[in-house]
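The chain contents come next:
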Amino acid sequence: MTGGRNSYFLPENRFDTIIFSERTMPPPEVLFAAKDYGKVYFVAPPSIVENFLKAHTRQFALEKNFALLELEVSPGFKRELRRRTPQGQLDEKKSAVIQVIMKLPEVMKKFNAVPWQMKNACLDEYIAEIARAEKILAEIFPELHSNTIKLNLNMFKEFLMDIRLYNDPQLKMRAIDDFNRHVNILVQDLNHL
């Protein structure tokens, strides 16, 4: 295989054995092309092999600063490698945001179960979680396919804050109605992340 560092377009989970001809660590797309428990062989300085790879790699000394490395690509290795890729990190952050929103039924169940003196504290805790999710979303927003997710998450938080702050029963009910309508909009937006 030859080409630049990002020029490999290989099917995943396809090859039993891959011999990578460049004198460096193969990029993730080459490693993902190996079948589960397949082998990838490459020549590189042992010093460039990351610690998490070493448990999956056998080294055979060659010349001064190079070794032939045999890497077994197990399913666990692929999961860890995927998590370390930019796309894997993006997916983890998206998942963290989604998990905060999907926690709503659990929060509402707790909110309805606690005495009235503790309801505001329950909402404050969840609003703080949403604020942390907003920070994550702001960080990854340029990579997302939604132009409205930031606005919709902010409105979700604002409606929840209205519920938390209003003491007037009529205003509180209006805020609850707005919030309930907005939940569906936010969930649809999350489905397109």
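To start, this report covers the structure provided alongside it. (Residues numbered from 1 in each chain as written. Predicted model: local features only at pLDDT ≥ 70, side-chain atom pairs only at ≥ 80, totals over all residues. Heavy atoms only, no water.)

### Focus on the environment of D178
We count it as follows: Secondary structure follows DSSP: runs of H or I at least 4 residues long count as helices, runs of E at least 2 residues long count as strands, and numbering of each begins at the N terminus. Between buried and exposed lies partly exposed: a residue is buried under 20% and exposed over 50% of the maximum accessible area for its type, with that area taken using a 1.4 Å probe on protein chains only.
Inspection of the secondary structure assignment puts D178 in helix α8 (residues 169–191). A relative accessible area of 24% means that D178 is categorised as partly exposed. Distance from D178 to M155, taken between C-alpha atoms, is 9.7 Å for residues 23 residues apart in sequence.

### Examining the sheet that holds strand β1 (residues 15–20)
This is how the line gets drawn: For two strands to count as paired, DSSP must find a minimum of two bridges between them. Every axis in this analysis is a line fitted to C-alpha atoms, fitted for helices over the stretch in contact. Angles between the N-to-C directions lie between 0 and 180 degrees.
Here we have 4 strands laid out as an open sheet, ordered β1-β2-β4-β3, and mixed in their pairing. Every interior strand has two partners, whereas the edge strands, β1 and β3 (57–61), have only one. The sheet shows a mean angle of 15° between the axes of neighbouring strands, direction not considered. Sheet topology places β1 next to strand β2 (residues 34–44); 5 bridges connect them, and they run parallel.

### Some thoughts on the pairing of β2
Note that β2 and strand β4 (residues 67–73) share 7 bridges and pair antiparallel. The partner of V40 across the bridge, within β4, is L71.

### A word on the pattern of salt bridges
Rules: Salt bridges, as used here, are contacts in which a Lys or Arg side-chain nitrogen is within 4 Å of a carboxyl oxygen on Asp or Glu.
Across all of its chains, the model carries 17 salt bridges by this definition. In this structure, the salt-bridge partner of E129 is K103, at a minimum N-O distance of 2.7 Å. Highlighted residues: E129 in helix α6 (residues 116–140) and K103 in the loop between α4 (86–102) and α5 (104–113), separated in sequence by 26 residues. By relative accessible area, E129 is classed as buried at 15%. The partner of D124 in a salt bridge is R164, with the nearest N and O atoms 2.7 Å apart. In this pair, D124 sits in helix α6 while R164 sits in helix α7 (residues 149–165), placing the two residues 40 residues apart along the sequence. D124 sits in the partly exposed class, given a relative accessible area of 35%. Within the structure, one salt-bridge network assembled from shared partners comprises E50, E80, R83, R84 and E92.

### Some words on the side chain of H182
Filter applied, for reference: Within 3.5 Å is the distance limit for a polar contact, defined as a pair of N or O atoms, with the added protein rule that one can donate a hydrogen and the other accept it, and that residues adjacent in sequence qualify only through two side-chain atoms. We call two residues in contact when some of their heavy atoms are within 4.5 Å.
Locating H182 in the fold gives a position in helix α8. Here N152 takes part through its backbone oxygen, which lies 2.7 Å from a polar atom of the side chain of H182. Among residues more than four places away in sequence, those in contact with H182 are N152, M155, F156 and F159.

### Observations concerning unusual backbone geometry
Positive phi, close to 55°, is recorded for N13, a residue that is not glycine. A relative accessible area of 39% places N13 in the partly exposed class. Phi is positive for Y37, close to 65°, though the residue is something other than glycine. Within the fold, Y37 resides in strand β2.

### Brief notes about the packing of aromatic side chains
Formally: Any two of the Phe, Tyr and Trp rings considered here, Trp counted by its six-membered ring, make a pair once their centres fall within 6.5 Å; the pair's planes then place it as stacked at under 30 degrees, edge-to-face at over 60, or tilted in between.
Under the criterion given, the structure shown has 3 aromatic pairs. Note on F52 and F77: the rings are 5.7 Å apart at their centroids and 15° apart in plane angle, and the pair reads as stacked. With F52 in helix α2 (residues 51–54) and F77 in helix α3 (residues 75–84), this pair connects stretches of sequence that are 25 residues apart. Residue classification places F52 among the buried residues on the basis of a relative accessible area of 15%.

### Things to note about α7
Here is the rule: To estimate how far a helix should extend, the number of its residues minus one is multiplied by 1.5 Å. Within this analysis, the arc is defined by the directions that extend from the helix axis to the C-beta atoms.
Here α7 contains 17 residues, and its C-alpha end-to-end distance of 24 Å stays within 8% of the 24 Å for a straight helix at 1.5 Å per residue. Every buried residue of α7 is accounted for by I149, N152, L153, F156, K157, F159, L160 and I163. Down the axis, α7 shows its buried residues gathered within 160° of arc, on one side only. In α7, the exposed positions angled more than 90 degrees off the buried face are occupied by L151 and L165. At its buried positions, α7 is contacted by α4, α5, α6 and α8.

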